[in-house]
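# Tertiary structure, described
What follows is the residue order along each chain.
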Amino acid sequence: MYQMNPKAAPRGPELLVLRALKLGDLLVAVPAIHGLRRGYPDHQLVLAIPGWLEPIAALVPGVDALLPTPGLNNPLPLEPGRIDIAVNMHGRGPESDGIISALQARMTIMHAAPGPRWCDGILERDRWVRLVAAYGVSADANEVHIAVPSLRPRIAAATVVHVGAFYGSRRWPAERFATVAKTLSRTGHDVVLTGSADERGRASDVADKAGLPESSILAGELALDEFAAVIAAARLVITSDTGAAHLASAYSVPSVVLFGPAPPEEWGPPAAGPHIVLTDSSKRRGDAFAAEPDPALLAVSVDDVLAAVSRLDTQ
């Protein structure tokens, strides 16, 4: 049933965290997970998240197992009463609350009375730290680190230009990525282009416009842990608000993050890290599921990105 350590004996009662979302969503929950690990050192800590995230879940210190959970359509395959502590870090809706309540855990941690009220417009890392704090667990919203994969990265000290995004609202124009990549390559940066398998065509287009070799295209070639290894070993990461940005934060790798529909005040990197956020909140439409780039993202120019890279290079 569990992945990662299916043969390992549980260290004690089970603590389950529900977060059946994407890579970035998992990474912003890491600070609260760190707190739960310290707060309950004798519990087996289980993440109920999509199975494809296993390579990253294995890098979160203190996580013992993963329960593959692709969404909220079905109850978790666990008998009532088995889980000692159940934590809803998925959201506050009736679906996720119902899944957690059905576990009949000894302790339930969620945004419901007598717990804390849900607050709109706050930093997502703060949201989950605030939740566990209401139940006596100390956590730090800036504690975003995860382990570096043990495998050797495909390339080290590269400038990673992540050209993809799950929704069109977060896709900065390919021509702009190409101009940035071309300029940086000419000034000594070893540029590689990353993205999913579905985004390899977009990466190829950027490489062609930038005059980069085929070998610079890593989109669709990296497993998730290989991708994390490349980010951890990178000189710099340039990306829209995606999982790549959150990995750069987790590894304290300098990054330039372009925000569109999502406010950086809610999803941005730690303030203390070597990260620069670019957006224009006055133009934000805020439709995360739109097919076209958000105006707040389109307001970011090539010159804005190159200036941010220059600032990071001189720090």
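Details of the structure are given in the entry above.
Note that the coordinates shown come from a computational prediction; the quantities given were computed from them, not determined experimentally.

Here is what the cut-offs are and how they apply
Residues numbered from 1 in each chain as written. Predicted model: local features only at pLDDT ≥ 70, side-chain atom pairs only at ≥ 80, totals over all residues. Heavy atoms only, no water. Buried < 20%, exposed > 50% of the residue type's maximum accessible area, 1.4 Å probe, protein only. Helix = DSSP H or I, 4+ residues; strand = E, 2+ residues; numbered from the N terminus. Pairing = 2+ DSSP bridges. Axes fitted to C-alpha atoms, helices over the stretch in contact; angles between N-to-C directions. Expected span 1.5 Å × (residues − 1). Contact = heavy atoms within 4.5 Å. Arc of directions from axis to C-beta. 1 Å grid on protein atoms, 1.4 Å probe; cavity = no way out; pocket = protein on both sides within 12 Å on 5 of 7 lines; lining within 4 Å. Points joined across faces, edges and corners; volume = space filled by probe spheres on them. Nonpolar A, V, L, I, M, F, W, Y, C, P; charged D, E, K, R; others polar.

## Brief notes about the pairing of strand β4 (residues 83-88)
Of all the 6 residues making up β4, 6 are buried; the element is thus mostly covered by neighbouring parts of the structure. When strand β1 (residues 14-18) meets β4, the two strands line up parallel, connected through 5 bridges. When the bridges of β4 are listed, Glu-14 appears paired with Ile-83. Relative to strand β5 (residues 107-109), β4 is paired through 3 bridges, and the arrangement is parallel.

## Details of the sheet that holds strand β10 (residues 275-278)
Strand order in this open sheet of 5 strands is β7-β6-β8-β9-β10, and the pairing throughout is parallel. The outermost strands of the open sheet, each flanked by one partner alone, are β7 (191-194) and β10. Strand-to-strand twist across the sheet, computed as the mean angle between neighbouring axes with direction ignored, equals 15 degrees. As judged from the 4 bridges shared by strand β8 (residues 236-240) and strand β9 (residues 255-258), these two strands associate in the parallel manner.

## Some details on helix α12 (residues 302-313)
With 12 residues, α12 should cover 16 Å at 1.5 Å per step; its first-to-last C-alpha distance of 17 Å lies within 8% of that length. The inward-facing, buried residues of α12 contact α6 (174-186), β8, β9 and β10.

## Notes on α6
The end-to-end C-alpha separation of α6 is 18 Å, in line with the 18 Å expected for 13 residues at 1.5 Å each. By the burial criterion, the buried members of α6 are Ala-174, Phe-177, Ala-178, Val-180, Ala-181 and Leu-184. Mapping the buried residues of α6 onto a view down its axis gives an arc of 165 degrees, with all of them on the same face. Residues of α6 that are buried make contact with β6 (159-162), β7, α7 (200-210), β8 and α12. Just downstream of α6, Gly-188 is the residue with a positive phi angle, here 105 degrees.

## Section: the environment of Leu-76
Inspection of the secondary structure assignment puts Leu-76 in the loop between β3 (65-68) and β4. Using a relative accessible area of 9% as the deciding quantity, one classes Leu-76 as buried. Once the C-alpha coordinates of Leu-76 and Ile-99 are considered, the two residues, 23 residues apart in sequence, prove to be 6.9 Å apart. Ignoring sequence-local partners within four residues, the contact set of Leu-76 consists of Leu-16, Ala-48, Leu-67, Thr-69, Ile-99 and Leu-103.

## As for the layout of surface pockets
Considering only enclosed or pocket space, the largest pocket measures out at about 1100 Å³ in volume. Lining the largest pocket are 43 residues; nearest its centre among them are Lys-22, Leu-23, Gly-24, Phe-166 and Gly-243. Of all the secondary-structure elements, those providing two or more residues to the lining of the largest pocket are α1 (23-28), α5 (124-133), α8 (224-232), α9 (243-250) and α10 (264-267). Residues belonging to the lining of the largest pocket are distributed by class as follows: 21 nonpolar, 12 polar and 10 charged.

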